[in-house]
Amino acid sequence: MKIVALGSSGTVATVAVAEDDKIIAEYSMNYKKTHSETLLPMLDEITKNASIDLEDVDAVAVCAGPGSFTGLRIGAATAKGLALALDIPIVPVPTCAGIAYNMWGFDGLICPIVDARRGQVYTGIYRIDEKMSCLMDQDAMDIHDLISKLNEMNERVVFLGDGVPVFRATIEAEMKAPALFAPAHLTDENAAAIATLAMQYMKDGKAIPADDFAPVYLRKSQAEREREKKLAEESQV
């Protein structure tokens, strides 16, 4: 089984190709370029350098959200275009699950946090034994509420994701349970982890037709919220 994996839900653009239990190629970039500038060229480069024929690919895995609205739309459009052109399914991988999978082998709770602005994070709580299990489905929540929940669970926990630099001081001040922070090479979304998890999802029957895929936003964009606010104010005039 061969899978192309794409990730663009945050600041990192990441692409990988996996075949069965092997990562053939991976390319990640966290720089001052938009995902629309990087994602397809990165895919083109790794397929050429690794002599990968896209016609042999069985599915496209994509980080399905939540995350950056723009990034998710770029990833979704790229994944759908590729899957439709190749007539193959899409394997949606929740953002938080994909990030959590970086911590395979960690003995404790795994808590990815993605900065959702205004004191909130996109987050979930996971544990990995022989397989990864989800203890709290991904959601948008206040960082203080998340810390309170983890303190109630009272287990060792590792934090990772782009929300760590934003909320680390708050976590260190409020966490009562033992807390660790993933190192730089494990903290961000990476397509190798997305591809590996997608392999398991394929076996579990979680692949879907490309036409049926849509990103998971969890909450409305700022533009949508501002538009609704403006309409509500106009209706009161």
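Definitions and cut-offs
Residues numbered from 1 in each chain as written. Predicted model: local features only at pLDDT ≥ 70, side-chain atom pairs only at ≥ 80, totals over all residues. Heavy atoms only, no water. 1 Å grid on protein atoms, 1.4 Å probe; cavity = no way out; pocket = protein on both sides within 12 Å on 5 of 7 lines; lining within 4 Å. Points joined across faces, edges and corners; volume = space filled by probe spheres on them. Nonpolar A, V, L, I, M, F, W, Y, C, P; charged D, E, K, R; others polar. Phe/Tyr/Trp six-rings, centres within 6.5 Å; stacked < 30°, edge-to-face > 60°. Lys NZ or Arg CZ within 6 Å of the ring centre and 35° of its normal. Axes fitted to C-alpha atoms, helices over the stretch in contact; angles between N-to-C directions. Helix = DSSP H or I, 4+ residues; strand = E, 2+ residues; numbered from the N terminus. Left-handed = near helix turned anticlockwise from the far one by under 90°. Contact = heavy atoms within 4.5 Å. Pairing = 2+ DSSP bridges. Disulfide = S-S within 2.5 Å. Buried < 20%, exposed > 50% of the residue type's maximum accessible area, 1.4 Å probe, protein only. Core = buried A, V, L, I, M, F, W, Y, C linked by side-chain atoms within 4.5 Å.

**Quick notes on empty space enclosed by the protein**
For step 1, the next point in the chain: Scanning all chains against the criterion turns up two cavities of 30 Å³ or more.
For step 2, the next point in the chain: Roughly 100 Å³ of volume is contained in the largest cavity.
For step 3, the next point in the chain: Lining the largest cavity are S9, G10, T11, V12, T95, I99, V114, G161, D162, D188 and E189.
For step 4, the next point in the chain: Grouping the amino acids of the lining of the largest cavity by side-chain chemistry returns three nonpolar, five polar and three charged.
For step 5, the next point in the chain: There is about 30 Å³ of room inside the second largest cavity.
For step 6, the next point in the chain: Every residue along the wall of the second largest cavity is listed here: T11, A13, M29, Y31, K33, H35 and T38.
For step 7, the next point in the chain: In terms of residue class, the lining of the second largest cavity is made up of three nonpolar, three polar and one charged.

**Some words on the packing of aromatic side chains**
For step 1, the next point in the chain: Across all of its chains, the model carries three aromatic pairs by this definition.
For step 2, the next point in the chain: Over the ring of F181 we find R168; its NZ or CZ atom is 4.1 Å from the centre of that ring.
For step 3, the next point in the chain: The ring of Y201 has K206 lying over it, and the distance from NZ or CZ to the ring centre is 4.5 Å.

**Some words on the packing of helix α1 (residues 35-49) against helix α2 (residues 69-86)**
For step 1, the next point in the chain: With their axes 10 Å apart at the nearest point, α1 and α2 run at an angle of 35° to one another. Handedness of the α1/α2 crossing: right-handed. Together, H35, S36, L39, L40 and L43 of α1 and G71, I74, G75, T78 and L82 of α2 make up the contact between the two elements.
For step 2, the next point in the chain: Looking at the contact of α1 with α2 residue by residue, the classes come out as five nonpolar, five polar and no charged.

**Some details on the sheet that holds strand β10 (residues 179-181)**
For step 1, the next point in the chain: Strand order in the open sheet formed by five strands is β8-β7-β6-β9-β10, with mixed pairing between adjacent strands. The open sheet has two free edges, formed respectively by β8 (132-142) and β10, since each of these has just one partner strand. This sheet shows a mean twist of 20° between the axes of neighbouring strands, independent of strand direction.
For step 2, the next point in the chain: Here three bridges tie strand β9 (residues 157-160) to β10, and the two strands are oriented parallel to one another. Within β10, the residue paired with F159 across the bridge is F181.

**Structural notes on the pairing of strand β3 (residues 22-29)**
Here is the key point about a regular strand: its side chains alternate between the two faces of the sheet.
For step 1, the next point in the chain: With seven bridges connecting them, strand β2 (residues 13-19) and β3 associate as antiparallel partners. Residue pairing across strands places E19 opposite K22, the latter belonging to β3.
For step 2, the next point in the chain: The turn linking β2 back onto β3 is made up of two residues, and D20 within it adopts a positive phi angle of 55°.

**Overview of the state of the cysteines**
For step 1, the next point in the chain: The tally for this structure, following the rule as stated, stands at zero disulfides.
For step 2, the next point in the chain: We note that C134 lacks a disulfide partner, and the nearest cysteine sulfur, in C96, lies 8.9 Å from it.
For step 3, the next point in the chain: Here C134 falls in the partly exposed class, since its relative accessible area comes to 39%.

**Some thoughts on the packing of helix α4 (residues 143-153) against helix α5 (residues 164-174)**
For step 1, the next point in the chain: Viewed as axis vectors pointing N to C, α4 and α5 meet at an angle of 35°, and their least axial separation amounts to 10 Å. The crossing of α4 and α5 is right-handed. Packed against α4, whose contacting residues are I143, H144, I147 and N151, the element α5 presents F167, T170, I171 and E174 at the interface.

**Here we look at the nonpolar core**
For step 1, the next point in the chain: The biggest cluster of nonpolar side chains holds 37 residues, and the ones touching the most others in it are I110 and M132.
For step 2, the next point in the chain: When residues in this core are grouped by element, the largest group, nine residues, is from helix α7 (residues 191-203).
For step 3, the next point in the chain: Not counting chain neighbours up to four residues away, the residues in contact with I110 comprise A100, M103, G124, I125, Y126, I128, V158 and L160.

**Quick word on unusual backbone geometry**
For step 1, the next point in the chain: The omega angle of the peptide bond from G65 to P66 is 5°, so this bond is cis rather than trans.
For step 2, the next point in the chain: With respect to the helices and strands, the residue P66 is situated in the loop between β4 (59-63) and α2.
For step 3, the next point in the chain: Residues other than glycine seldom take positive phi values, yet D87 does so here, at roughly 55°.
For step 4, the next point in the chain: Within the element layout of this structure, D87 appears in the loop between α2 and β5 (90-93).
For step 5, the next point in the chain: Phi angles above zero are rare outside glycine, and R117 is one such case at about 70°.
For step 6, the next point in the chain: Residue placement: R117 occurs in the loop between β6 (109-115) and β7 (120-128).

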